[in-house]
Amino acid sequence: MDSYLFYGLTILLLAFSFYKDKKKSLMSLKKGWKAFENILPEFLVVILLVGVMLSVLNPQTISNLIGKESGWMGVVLAAVIGSITLIPGFVAFPTAHLLLQAGAGFMQIGALISTLMMVGIVTMPVEIKYFGKRMTILRNLMAFVFSFFVAFVIGKVVG
Amino acid sequence: MISTIKKYRAFFIVLICVGFLTVFNRSIGIKALTISAKSFFEMLFVIPPVFVLLGLLDVWVPRESMIKYMGEGSGIKGILLSLFIGSAAAGPLYAAFPVSAVFMKKGVSFRNIIIFIGAWSTSKIPMVIFEIESLGASFALTRLLVDIPGIIIIAILLSKFVGKEEIKEIYENAHQMNNLD
């Protein structure tokens, strides 16, 4: 639903832009297209990798690995799974809900959600294109470590 | 033509690998391709506004005002604005990177760009609402309360770790990528 809101806003701004200055507006569309085209090859790679990953992993496999009793080992596993995979939020949250019902612990789910959001190994080619190798690796590494802290706090507060 | 093929080389290699996978394990291969096709169309639906807005931002918003509000020395105001823009965004994290490139071109500070990316990845408002619905308010809000300071700390540390020279290189690279002529 937020996509529609975003479309509405974009169309409104674009209409206003055309009203103000047609040439500039065409220029902005051209720039937007260029930016998209620039990133498309990496996008396509990411999408294929995600497809393969999601076809192998399923909620049952995951919840077997990160049950309540799995402790920090489970947290590490959850963080690794979350870092490698890329699942959009509207799939990730209901899946996490299912995992909790299937016996996963809150701390482990905290690590999974946090790394899903902040760490992206499959999206690294895209990130490297814009930020370079070193910076990309550093950012992902820090987000990975930070996710353990997030998991710890969630485990204490919610679990 | 040749440069196009070169650009998509990695994609074709992965595609061929998935093809082999399908030969060896039909069900997994077909499932992978179906999921990929589905997420491709999902992407085509979600992403266009991001790139149109990016183009508008590039053309209409003057560099001076971006520097003033989000550049070096924009202080708390810049941090809050970066958090807000990232949280108001829609779309997957990888769509945030091209937007960052335009920010770089406009003189937004490196720290604020990393904060923007952090917010895009963790505190998008519609996503948080959805998270509350599926995992409960205490889970979502606890995560948010830890994440927001975490994003800022990571951004500050990263801009310290990564030297001025390297940041300069990253900015120049972004400049070239946005160059139309």
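Rules used throughout
Residues numbered from 1 in each chain as written. Chains lettered and ligands numbered in written order. Predicted model: local features only at pLDDT ≥ 70, side-chain atom pairs only at ≥ 80, totals over all residues. Helix = DSSP H or I, 4+ residues; strand = E, 2+ residues; numbered from the N terminus. Buried ≥ 20, exposed ≤ 12 C-beta atoms within 10 Å, placed from the backbone. Contact = placed C-beta atoms within 7 Å. Nonpolar A, V, L, I, M, F, W, Y, C, P; charged D, E, K, R; others polar. Axes fitted to C-alpha atoms, helices over the stretch in contact; angles between N-to-C directions. Left-handed = near helix turned anticlockwise from the far one by under 90°. Domains from an automatic or database assignment. Parallel < 35°, antiparallel > 145°, perpendicular 65-115°, else oblique.

A. Just the overall build of chain A, in detail. Looking only at helices and strands, one finds eight helices and zero strands in chain A. For chain A, the α and β elements follow one another from N to C terminus as α-α-α-α-α-α-α-α. On the principal axes, the C-alpha backbone points of chain A span a range of 60 × 35 × 30 Å. Split into buried and exposed, the 159 residues of chain A put 44% on the buried side. Sequence-distant contacts in chain A: of pairs separated by 6 or more residues, those separated by 24 or more amount to 80%.

B. The arrangement of the overall build of chain B in detail. On a plain count of helices and strands, chain B comes out with eleven helices and zero strands. Structurally, chain B occupies a C-alpha span of about 55 × 50 × 30 Å along its principal axes. Buried residues in chain B amount to 40% of all 181 residues. Taking contacts inside chain B between residues at least 6 apart in sequence as the whole, the part at least 24 apart equals 76%.

C. Broad picture of the interface of chain A and chain B. With 66 residues of chain A in contact, the opposing surface of chain B contributes 64 residues. Counting residues per element, the ones that place at least two in the side of chain A that touches chain B are α1 (2-20), α2 (22-56), α5 (89-101), α6 (106-118), α7 (124-131) and α8 (133-157) of chain A. In terms of residue count, α2 of chain A provides more of the side of chain A that touches chain B than any other element does, 26 residues in total. Residues that form the side of chain A that touches chain B fall into these classes: 43 nonpolar, 15 polar and eight charged.

D. The packing of helix α6 (residues 75-87) of chain B against helix α8 (residues 110-122) of chain B, seen in detail. Residue and element names in this part refer to chain B. Packing of α6 against α8 leaves a shortest axis separation of 7 Å and a crossing angle of 35°. Handedness of the α6/α8 crossing: right-handed. Counting all contacts with α6, which are made through Gly-78, Ile-79, Ser-82, Leu-83, Ile-85, Gly-86 and Ser-87, the residues of α8 involved are Asn-112, Ile-115, Phe-116, Ile-117, Gly-118, Ala-119 and Trp-120. Here the residues of the contact of α6 with α8 are counted per class, giving eight nonpolar, six polar and no charged.

E. A look at the domain arrangement of chain B. Here chain B is partitioned into domain 1 (1-46) and domain 2 (47-177). For domain 1 of chain B versus domain 2 of chain B, the distance between C-alpha centres works out to 30 Å.

F. Just the packing of α7 of chain A against helix α7 (residues 96-105) of chain B, in detail. Here α7 of chain A crosses α7 of chain B at 5°, and the two axes come no closer than 9 Å. One element, α7 of chain A, and the other, α7 of chain B, form an angle in the roughly parallel class. Residues Val-126, Glu-127 and Tyr-130 of chain A of α7 of chain A lie in contact with α7 of chain B, whose contacting residues are Phe-97, Ser-100 and Ala-101 of chain B. For the contact of α7 of chain A with α7 of chain B, a count of residues per class yields four nonpolar, one polar and one charged.

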